Amino acid sequence: MKTSTKLKIYWREFKFLAKGVFSTRHPVLAHIIPMRRCNLSCTYCNEYDDVSKPVPVEEMYKRLDKLAALGTTAVIISGGEPLMHPDLEKIIARIRHHKMLTCLITNGYLLTRERIEALNRSGLEYMQISIDNVQPDEVSKKSLKVLDRKLQWLSEVADFRVNINSVIGGGIKNPEEALLIGKRAVELGFSSSLGIIHDGLGTLKPLKGLEREVFFRMKALGKKGHTRVNRFQDNLVDGKPNQWNCRAGARYLYICEDGLVHYCSQQRGYPGIPLEQYSAADIKREYDTKKACAPYCTIACVHQVATFDNKRNPQHLPAKGMVEKESVQAIRTLYHIAKGGQ
Ligand code: SF4
Ligand code: SF4
């Protein structure tokens, strides 16, 4: 990555942070889905299908223009698999046209040198690839063995930041592989992050034995500046709830392929309002609404967004439309970044 690009991104991040702190009336981060279809079929995933068509680029432009009008500062694109969208680079360029930060979450399978160069030209600033294991198995083909050549191309060609996300918990067969994946990311000059997943019954359990050891060794890797493990995860590892105010629907928006605003990938249906109708009043209401699922939530990007407002404006409106059972289901799938489907 060029030094000039790095400096530009630092400056834009500074402005992003300053705007987020200065005002509570705009979304800090929006997550948008240009395509629900995926070229893989990970068995734990509830965020893809194998039939749907790409959202037409003109429709994506309208949605991005509306996000810009709401004052959104950063946009994450995921899916499904966004690299399957024929106009992905145009979508990224539109985000940059509005001076919003742009991040792409992908399974990486469709990356080639040429595609990475096209992403450079589009103005992409961040990419996250999730890698679940070293060798493909029946659960996931997002494997270091398959993707390593693509990671090398990224290391050589990409003019954007790359983060590699690995996972532990919830019955992943070989937790120590997360460490191998994290080390490979560091070796190639990328950052790495770690996700904690829950078990198949939808409950979060404290990490034990090897999983716990891997978690703390990844944290140590982080001391060298390459791995991010946040304080929310520290509690989840011990099976403890987090006390925080989820600002989904206000500071964080999840826009599905149908153009509806949802709290997040795991709370789709709330508030379920078309983006084109979303207003400052909706943002204000959701900013003040408690989310029943917050204590055991594993969605890292919403945790991060919430830190802007932790010390201000306690939430006083009751949770709407969610019961505890649904809240547990909300955390049934893999913790993503922003993973968003990857
Ligand atoms: S699952 Fe997490 S991010 Fe989604 S609404 Fe609940 S607390 Fe917020
Ligand atoms: S986790 Fe990602 S790569 Fe796997 S099926 Fe879901 S969207 Fe596709």
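Residues numbered from 1 in each chain as written. Chains lettered and ligands numbered in written order. Predicted model: local features only at pLDDT ≥ 70, side-chain atom pairs only at ≥ 80, totals over all residues.

1. Topic: the site of ligand 1
Taken together, 13 residues lie near ligand 1, and Cys246, Tyr263, Cys264, Cys293 and Cys297 sit nearest. Here the residues of the shell around ligand 1 are counted per class, giving ten nonpolar, two polar and one charged. (Near = placed C-beta within 6 Å. Nonpolar A, V, L, I, M, F, W, Y, C, P; charged D, E, K, R; others polar.)

2. Here's the deal with the packing of helix H2 (residues 57-69) against helix H3 (residues 88-97)
Two numbers describe how H2 lies on H3: the axes approach to 10 Å, and their chain directions differ by 20 degrees. What the angle tells us is that H2 and H3 run roughly parallel. For the element pair H2 and H3, the recorded crossing hand is right-handed. Along the contact surface, H2 presents Val57, Met60, Tyr61 and Leu64, while H3 presents Lys90, Ile91, Arg94 and Ile95. Looking at the contact of H2 with H3, its residues break down into six nonpolar, no polar and two charged. (Axes fitted to C-alpha atoms, helices over the stretch in contact; angles between N-to-C directions. Helix = DSSP H or I, 4+ residues; strand = E, 2+ residues; numbered from the N terminus. Parallel < 35°, antiparallel > 145°, perpendicular 65-115°, else oblique. Left-handed = near helix turned anticlockwise from the far one by under 90°. Contact = placed C-beta atoms within 7 Å.)

3. Observations concerning the pairing of strand E2 (residues 74-77)
Residues in a regular strand project their side chains so that they alternate between the two faces of the sheet. Residues of E2 alternate between two faces, with Ala74 and Ile76 on one and Val75 and Ile77 on the opposite face, all of them buried. Alignment of strand E1 (residues 29-32) against E2, held across four bridges, turns out to be parallel. Looking at the pairing, Ala30 lines up with Val75 of E2. With H2 bridging E1 and the parallel E2, this β-α-β connection has right-handed handedness. The pairing of E2 with strand E3 (residues 101-106) spans four bridges and is parallel. The partner of Ile77 across the bridge, within E3, is Leu104. Chirality of the crossover, the property in question, places the unit of E2, H3 and E3 among those that are right-handed. (Buried ≥ 20, exposed ≤ 12 C-beta atoms within 10 Å, placed from the backbone. Pairing = 2+ DSSP bridges. Right-handed = clockwise from strand over helix to strand, strands pointing away.)

4. Thoughts on the environment of Leu67
Residue placement: Leu67 occurs in helix H2. In sequence terms Leu67 and Leu29 are 38 residues apart; their C-alpha atoms lie 9.6 Å from each other. If sequence neighbours within four positions are ignored, Leu67 has contacts with Ala30, Thr72 and Val75.

5. What about the nonpolar core?
Counting 75 residues, the largest nonpolar core has Val75 and Val302 as its most contacted members. For this core, the element with the highest residue contribution is helix H10 (residues 300-306), accounting for five residues. Sequence-distant contacts of Val75, that is, excluding residues within four places in its chain, are made with Ala30, Ile32, Leu67, Ile95, Met100 and Thr102. (Core = buried A, V, L, I, M, F, W, Y, C linked by C-beta atoms within 7 Å.)

6. Side note on helix H5 (residues 144-157)
Here H5 contains 14 residues, and its C-alpha end-to-end distance of 19 Å stays within 8% of the 20 Å for a straight helix at 1.5 Å per residue. When the local axis directions of H5 are compared, the greatest deviation, roughly 25 degrees, occurs at Lys150. By the burial criterion, the buried members of H5 are Leu144, Leu147, Leu151 and Leu154. Packing partners of the buried residues in H5 comprise helix H4 (113-122), strand E4 (126-130), strand E5 (161-168) and helix H6 (177-187). (Expected span 1.5 Å × (residues − 1). Bend = angle between axes of the 7 residues up to and from the residue.)

7. Some details on the environment of Ser122
Along the polypeptide, Ser122 turns up in helix H4. Counting along the chain gives 31 residues from Ser122 to Ile91, while the straight-line C-alpha distance between them is 8.5 Å. The contact partners of Ser122, leaving out residues within four places of it in the chain, are Glu89, Ile92 and Ala93.

8. Observations regarding H3
Among the residues making up H3, those that are buried are Leu88, Ile91, Ile92, Arg94 and Ile95. The buried residues of H3 occupy an angular sector of 155 degrees when the element is viewed end-on, so they sit on one face. Elements in contact with the buried residues of H3: H2, E2, E3 and H4. Positive phi appears at Lys99, one or two residues downstream of H3, with a value of about 65 degrees. (Arc of directions from axis to C-beta.)

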